[in-house]
Amino acid sequence: MKGIIFFLLLLLPVFQAYAETEWEKWLDDIMLDGEYSEASYEELYDNLLDLQRNGININTATRQELESLPFLSEKQVMDILEYIHFHGALKSINELMSIESIDYSTRQLLQEFLYAGDKPEKGFPSLKNIMTWGKNELSLYTKIPTYERVGDASNGDYLGYPYKFWARYSFSYAKNVRIGIVASQDPGEPFFSQSNKYGFDQYSGFIQINGLGSVESLIVGRYSVSAGMGLVMNNSFSLGKTAMLQDFGRQRNALRPFTSASESGYLQGVAATIRLSDNLRLTPFLSYRKTDATLNEDGTVSSLIYTGYHRSQSEINKKNNTSISVGGANAQWTHGDLSLGATAIYTHLSRPLNPNKSAVYKQIYPEGSDFFNVSLNYSWLHYPFSVSGESAINEKGAIATLNTLGWHLSQYVELMGIYRFYSFNYQSLHSNAFSEGGKTQNESGIYIGMKWQPRYGLEIMAYTDFAYFAWPRYGVSQSSYANDNVVNCSWKSGSWQFSGRYRLHLRQKDSKSASGISWQAEHRLRLGAEWTAGEWTSKSQLDVASTPSSSSPASVSQGYMLTENIGYNAGKWQIYAGGKYFHTDSYDSRLYSYERAMPHTFSYPAYFGHGIRYSLVAVWAPIPSLQITAKAAVTDYFDRSTISSGQQQINASSACDIEMGLRWRW
């Protein structure tokens with residue numbers, strides 16, 4: 001197999017690079033190592049892919065639709081709407097050049113999500129038109145390993161085939177009707193046997209209707225809701241610290257269908273956004289879903305499980321053994337630059353949460369069957385200032401508040417500050433907000449960021465974030481502090497684009513050499529260069545890390561990784577080839593790097609140890625409506641004879657995966 005990969009790499013001059021889109025480059029730029037979980041990465045990627053595939057008609061776009069684009073600030077959203085209001089429908093997206101707040105890089109991003117179309121006829125379309133002119137799309141995907149895991153062996157614990165597979169079907173008509181169905185299967189899960197007698201391990205679907213009178217949007221099936229700053233309700237993605245400088249900390253009040261194959265991060269039932277007046281909208285939602293859980297001997301829940309894996313009998317025994325019922329609503333009043341809102345949500349679990357609280361840091365974990373949260377949010381834009389925030393309280397009386405202040409000093413300089421306070425007693429099962437510790441609990445802090453464009457093509461972003469944790473955390477037996485600092489620069493000139501990012505992350509943790517706690521410093525550096533000229537594309541990247549060693553308190557763990565991607569354009573064929581060489585002392589200095597993946601899949605893995613990784617993605621579109629994609633990827637380790645551990649262990653130093661996908665539109 002390695003020989004085949006090498007041979008295909010020699011054919012680079014024959015094919016076209018499967019080039020990254022602008023939004024994929026943006027997504028790669030805002031990611032900080034370890035800031036998101038793999039599921040969060042994939043959900044954010046899938047949401048952006050869904051927005052790109054469906055597109056938004058800028059001439060009919062609502063404020064809510066534009067706010068679904070995470071890289072737009074509130075001022076940019078309002079400037080676009082005001083421009084269309086005063087100048088009429090756009091003939092081309094290039095007219096956005098006339099809007100001062102929309103810079104070149106933002107225009108490049110918008111061109112992948114917006115189009116200038118005609119305004120549709122008023123009223124809801126007839127069923128005949130929907131069935132006649134609706135668009136269909138079918139996508140198939142499979143991942144085939146060329147190795148055997150311990151769990152896949154004849155005496156292993158996995159009960160199914162070692163292949164990953166999913167199928168997606170979608171139907172859409174303009175912006176009025178959308179239908180989506182996803183069936184997915186993880187490696188090792190039974191297929192048309194045992195616990196999955198009806199085929200796949202998971203089925204997901206939704207029906208969305210927009211523009212039905214005063215009902216702006218109605219979704220039946222799986223969906224996600226975002227309200228305010230995410231302190232009470234946000235089971236969608238939450239952008240990190242770098243991205244906050246892009247959208248200037250604006251709120252996200254959104255109801256969208258859940259299109260991912262993930263088995264977490266969604267509600268299931270019915271939800272709607274209803275226009276009560278020109279300024280007032282109400283979004284009620286009801287949900288009932290089952291989830292996996294680890295149970296205690298008395299039948300209570302020790303912990304909820306969101307991995308979605310049902311490969312072994314022990315994992316199958318935990319499948320859907322607990323149900324979660326949710327009811328809530330968000331009301332939002334908007335008048336010009338001012339927006340006020342309120343959110344309330346009630347959650348009931350069929351089995352009470354009863355986690356093991358033997359460790360001090362676990363004593364603030366959620367406990368019980370019933371949870372209630374309510375919040376008030378606000379947003380006000382008055383150039384050059386913008387403020388927004390949300391304050392919430394739970395059934396125990398504990399509070400959480402998050403507030404932002406933005407200041408546009410000029411067209412080229414923007415400053416931003418964020419203050420948050422999350423009580424250690426505040427608990428919300430559906431919150432997902434800005435934080436250092438990854439939870440909307442036990443944290444207070446101040447964030448100060450800057451975005452500066454000293455000249456055309458050059459952009460500098462920097463922030464510092466101070467956080468305090470009143471309650472002990474994992475690895476810290478008392479109150480502690482953290483300080484996160486990042487400087488990010490990018491410069492585009494002609495065919496070249498250069499980038500650099502340095503991160504200094506300081507955390508207090510228990511000292512292993514003495515009593516009390518001590519500061520530990522983590523340094524990370526990334527340098528990149530991208531070249532585009534005619535048919536050729538090339539991207540080079542260097543990542544370096546220096547972190548405290550978990551095995552020896554007096555030493556540090558260091559590592560580096562070199563990444564190279566190259567491609568060539570030759571008509572209907574496309575190809576993208578990438579290679580990585582990594583060398584780290586341990587897992588502590590692991591390095592993350594984005595890798596071009598198949599449609600609807602996302603790859604941002606961690607690399608550690610000593611080895612190489614090389615991959616090839618080829619795309620063939622024989623006709624415009626049909627696209628066939630294939631990928632082969634190999635990881636070779638020089639410092640080990642086995643990969644991973646437990647049932648996932650591979651008894652070899654090398655692993656190769658083959659992926660294939662098909663997308664058909666009609």
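The rules behind these values
Residues numbered from 1 in each chain as written. Predicted model: local features only at pLDDT ≥ 70, side-chain atom pairs only at ≥ 80, totals over all residues. Heavy atoms only, no water. Helix = DSSP H or I, 4+ residues; strand = E, 2+ residues; numbered from the N terminus. Areas by Shrake-Rupley, 256 points an atom, 1.4 Å probe, with all protein chains shown as cover. Lys, Arg positive; Asp, Glu negative; His and termini not counted. Charge placed at Lys NZ, Arg CZ, Asp CG, Glu CD. Core = buried A, V, L, I, M, F, W, Y, C linked by side-chain atoms within 4.5 Å. Buried < 20%, exposed > 50% of the residue type's maximum accessible area, 1.4 Å probe, protein only. Contact = heavy atoms within 4.5 Å. Polar contact = N/O pair within 3.5 Å; in protein donor to acceptor, adjacent residues only side chain to side chain. Phe/Tyr/Trp six-rings, centres within 6.5 Å; stacked < 30°, edge-to-face > 60°. Lys NZ or Arg CZ within 6 Å of the ring centre and 35° of its normal. Pairing = 2+ DSSP bridges. Expected span 1.5 Å × (residues − 1). Salt bridge = Lys/Arg side-chain N within 4 Å of Asp/Glu carboxyl O.

**Regarding the overall build of the chain**
Looking only at helices and strands, the chain features nine helices and 30 strands. The C-alpha extent of the chain, read off along each of the three principal axes, is 65 × 60 × 60 Å. Of the roughly 29800 Å² that the chain leaves accessible, carbon and sulfur atoms contribute 59%. Charged side chains in the chain number 57 positive and 62 negative. The centres of these two groups are separated by 2 Å.

**Overview of the nonpolar core**
Most often, soluble globular proteins have nonpolar side chains that are buried together. Core analysis: the largest hydrophobic core is formed by 37 residues, its most contacted members being Y223, L231, M233, F285 and L402. Discounting residues that sit within four places of it in the chain, L402 has contacts with M229, L231, S388, G389, E390, I418, Y419, R420, Y422, A433 and F434. Core analysis: the next-biggest nonpolar cluster, separate from the first, contains 32 residues, W26, I80, L90 and L96 among them.

**Quick word on the environment of E530**
Mapped onto the elements, E530 comes out in strand β22 (residues 517-533). A residue is classified by how much of its surface remains accessible, and E530, at 14% relative accessible area, is buried. With near-sequence residues (within four places) excluded, E530 lies in contact with K25, S495, W496, Q497, S538 and K539.

**Overview of the side chain of E443**
Inspection of the secondary structure assignment puts E443 in strand β18 (residues 443-455). Taking the relative accessible area as the measure of exposure, E443 reaches 2% and is therefore buried. At 2.7 Å, the side chain of E443 forms a polar contact with the backbone nitrogen of E436. Setting aside residues no more than four positions away along its own chain, E443 makes contact with R420, F421, Y422, S435, E436, G437, A467, Y468 and F469.

**Structural notes on unusual backbone geometry**
Look at the link from Y383 to P384: it is a cis peptide, with omega at 15°. In this model, A174 sits at a positive phi of 45°, which is unusual for a non-glycine residue. Looking at the secondary structure, you find A174 in the loop between β4 (164-173) and β5 (177-185). Non-glycine residue N442 carries a positive phi angle of around 55°. Tracing the sequence through the fold places N442 in the loop between β17 (413-422) and β18. Looking at N442, the relative accessible area reads 6%, which means it is buried.

**Here we look at the packing of aromatic side chains**
For the structure shown, the criterion picks out 24 aromatic pairs. Look at F424 and W471: their rings are 5.1 Å apart centre to centre, the planes differ by 35°, and that puts the pair in the tilted class. Pair noted here: F424 is in the loop between β17 and β18 and W471 is in the loop between β19 (458-469) and β20 (480-493), with a separation of 47 residues, a long-range link. Taking NZ or CZ as reference, R168 lies 4.8 Å from the ring centre of W166, over its face. Lying across the ring of F469, R473 places its NZ or CZ 3.9 Å from the centre.

**Regarding the pairing of strand β16 (residues 399-408)**
Regular strands place their side chains on alternate faces of the sheet. Pairing of strand β15 (residues 385-394) with β16 involves nine bridges; the strand directions are antiparallel. Bridged to A392 within β16 is A400. Remark: four residues form the turn of the hairpin made by β16 and β17, two consecutive strands paired antiparallel.

**Details of helix α5 (residues 74-87)**
The first and last C-alpha atoms of α5 sit 20 Å apart over 14 residues, in line with the 20 Å expected at 1.5 Å per residue. Looking at the residues trailing α5, positive phi occurs at G88, about 85°.

**Overview of the pattern of salt bridges**
Opposite charge on two side chains makes pairing possible when the charged atoms of those side chains draw close. One pass over the structure, following the stated rule, counts 21 salt bridges. For the salt bridge of K175 with E65, the shortest nitrogen-to-oxygen distance reads 3.1 Å. Taken together, the residues K175 in the loop between β4 and β5 and E65 in helix α4 (residues 63-67) connect sequence positions 110 residues apart. Between R281 and E216 there is a salt bridge; the shortest N-O distance is 2.8 Å. Of the two residues, R281 is situated in strand β10 (residues 280-295) and E216 in strand β7 (residues 215-226); the sequence distance between them amounts to 65 residues. For E216, a relative accessible area of 21% puts it in the partly exposed group. In the salt-bridge network here, residues are joined through shared partners; they are K241, R420, E436, E443, D465, D484 and R503.

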